Amino acid sequence: MADLRVNFLGIEFKNPVLAASAEPTSSVENLKKVIESGVGGLVLKTITDSEAMRSLSSQTRWRFLDEEHRVCRGEIPRLFTLYGRTGLQEKGPREWMREIKELQPLARDEDCVMIGSIASTGIDGWVKLAQICEEAGLRIIELNFGCPHPSQMEGMKTGMLVGQDKDLAAEVVGAVTESVAVPVMVKLTPQVADVAEMARVVVEAGAAGVTLTNRFVGFLVDVDTGKPLLYGTAGVGGPWVKPLTLRWIYQVYRDLGIPISGSNGVYDARDVLEFMMTGATVVQMCSAVMAHGYKWFTKTIRDLEEMLDRRGYHSVREIIGIAARNALSYEEMSRIPKEKAVIIKDLCVDCGRCVESCFYGAMRYEDGEITIKEGNCKGCGICVCVCPKGAITLVQ
Ligand SMILES: Cc1cc2nc3c(=O)[nH]c(=O)nc-3n(C[C@H](O)[C@H](O)[C@H](O)COP(=O)(O)O)c2cc1C
């Protein structure tokens, strides 16, 4: 069996699958289930000193949506959207951390690394919250610079608004890292032009690593009523976000080579592999578990082990960043051998589907059959995807 252990920020994790900061890590009852599911670690629901961010949780609303953004009833498709709003941990930080201390023996017995998550509206608040987490024995502190909701709340400079302000982000990271001994990582918002640049800013300010990323802000419409779904803007995400997140993990891994925790778009073990091959050392999960329950963690870890075995890896550590290191620049891509489409005559039924989707004038319908005008074919591959009979292939 492949060895699943990883070292992240100097701490040993029994496996790289972590519960993300969210509702599954928001109560002792839930946390026990998360720990017992076998995860290598968990990030507690973000604590805050902001009354407004706490009370937003009393208006929590969530909808799983299908590929057409219709509300799911029973069936949740693989590429679902999770759309909705919630606030931060409703309990006061000190009261909540007393409960967390009582959970420490279980976390230790199960070898599950508990990570704190914090969000404040002032520098002193960030520092105090970090110290409260450290006193409670939390091994890493994640700064939540990605919560999407403050952007829609009057005067609420926390979450993604900090993640969009380089100076403030650096100031918060500097103040927190000076006041605690445990490693500090920053969960960034994807809602900036350059996530890699923000990663550089927070690491130069003292962060030991980054979590890439929190969720986007979205807006959806109910066309029958002409009103927005769930009354206004909401957080949006789901497994379809994966390529957007992986792009930033790739770029941060390639340009900065810093420890990365992946989040936003992980559905199953295959996604865990993709996130790690792109450069993440640990991978956080939230929406998929909210769809399928805590057992989804256990299944993901088991499947991950099997997938590594099947591919001949002895340790999950071998895969970290391999895809990122294999990625070519556009300039290098220009030197790879060209491909051309070829029709497999026996399979082709001359339906013309490829002609409709060829925008280079290569696929033609002439004298009752499909032909390829060689010089026009760029080997783009669209015809291969649309052919209903598998009658087109690409050759070099
Ligand atoms: C219901 C819900 C609550 C969340 N609460 C928090 C939070 O308190 N702090 C935080 O940093 N991220 C929070 N998030 C974001 C998740 O931690 C995670 O980054 C995001 O859902 C993307 O991962 P996923 O694709 O696995 O869902 C929340 C997400 C959801 C869906």
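Residues numbered from 1 in each chain as written. Predicted model: local features only at pLDDT ≥ 70, side-chain atom pairs only at ≥ 80, totals over all residues. Heavy atoms only, no water.

Visitor: Can you explain the domain arrangement of the protein chain? Please cite residues and give values.
Guide: Each domain of the protein chain was delimited in the assignment, giving domain 1 (6-326) and domain 2 (337-395). Taking the mean C-alpha position of each, domain 1 and domain 2 sit 44 Å from one another. (Domains from an automatic or database assignment.)

Visitor: Mind laying out the packing of aromatic side chains, listing which residues take part and the relevant values?
Guide: A complete count under the given rule lists five aromatic pairs for this structure. When the ring of Phe64 is compared with that of Phe80, the centres are 5.1 Å apart and the planes differ by 85°; the resulting orientation is edge-to-face. Here Phe64, found in strand 6 (residues 61-65), pairs with Phe80, found in the loop between strand 6 and strand 7 (81-85); they are 16 residues apart in sequence, far enough to count as distant. This pair shows no difference in class: Phe64 is buried, exactly as Phe80 is. What links up through ring pairs into an aromatic cluster is the set Phe64, Phe80, Tyr267 and Trp296. Across the ring face of Trp248, the terminal group of Arg247 is positioned such that the distance to the ring centre comes to 3.6 Å. One residue, Lys299, lies across the ring of Trp296, its end atom 5.7 Å from the ring centre. (Phe/Tyr/Trp six-rings, centres within 6.5 Å; stacked < 30°, edge-to-face > 60°. Helix = DSSP H or I, 4+ residues; strand = E, 2+ residues; numbered from the N terminus. Buried < 20%, exposed > 50% of the residue type's maximum accessible area, 1.4 Å probe, protein only. Lys NZ or Arg CZ within 6 Å of the ring centre and 35° of its normal.)

Visitor: So what's going on with the packing of helix 9 (residues 269-278) against helix 11 (residues 295-310)? Residues and values would help.
Guide: Packed helix pairs are specified by the crossing angle of their axes together with the interaxial distance, meaning the distance between the axes. Remark: helix 9 packs on helix 11, axes separated minimally by 8 Å, with the N-to-C direction vectors making an angle of 65°. The element helix 9 and its partner helix 11 pack so that their crossing is right-handed. Across the interface between the two elements, Ala269, Arg270, Val272 and Leu273 of helix 9 pack against Thr300, Asp303, Leu304, Met307 and Leu308 of helix 11. Its residues placed into classes, the contact of helix 9 with helix 11 shows six nonpolar, one polar and two charged. (Axes fitted to C-alpha atoms, helices over the stretch in contact; angles between N-to-C directions. Left-handed = near helix turned anticlockwise from the far one by under 90°. Contact = heavy atoms within 4.5 Å. Nonpolar A, V, L, I, M, F, W, Y, C, P; charged D, E, K, R; others polar.)

Visitor: A description of the site of the ligand should follow, citing residues and the corresponding values.
Guide: Residues in close proximity to the ligand total 23 residues, the closest being Ser21, Thr46, Ser263, Gly265 and Ser287. In the environment of the ligand, a nitrogen atom lies 3.0 Å from a nitrogen or oxygen atom belonging to the side chain of Lys45. Backbone polar atom of Asn264 to an oxygen atom of the ligand: 3.3 Å apart, as the coordinates give it. For the ligand, the protein covers 97% of the area, taking 610 Å² as the surface of the free molecule. Here the shell around the ligand is built from residues that sort into nine nonpolar, ten polar and four charged. (Near = heavy atom within 4 Å. Polar contact = N/O pair within 3.5 Å; in protein donor to acceptor, adjacent residues only side chain to side chain. Areas by Shrake-Rupley, 256 points an atom, 1.4 Å probe, with all protein chains shown as cover.)

Visitor: Account for the sheet that holds strand 6, naming residues and giving values.
Guide: Sheet architecture is open: four strands sit in the order 6-7-15-12, paired in antiparallel fashion. Sheet topology places strand 6 and strand 12 (216-218) at the edges, where each strand pairs with a single neighbour. On average, each strand axis in the sheet is tilted by 30° relative to the strand beside it, whichever way the strands run. Sheet topology note: the strand 12/strand 15 (residues 234-237) ladder contains three bridges and is antiparallel. Following the sheet pairing, Phe216 is matched in strand 15 by Val236. (Pairing = 2+ DSSP bridges.)

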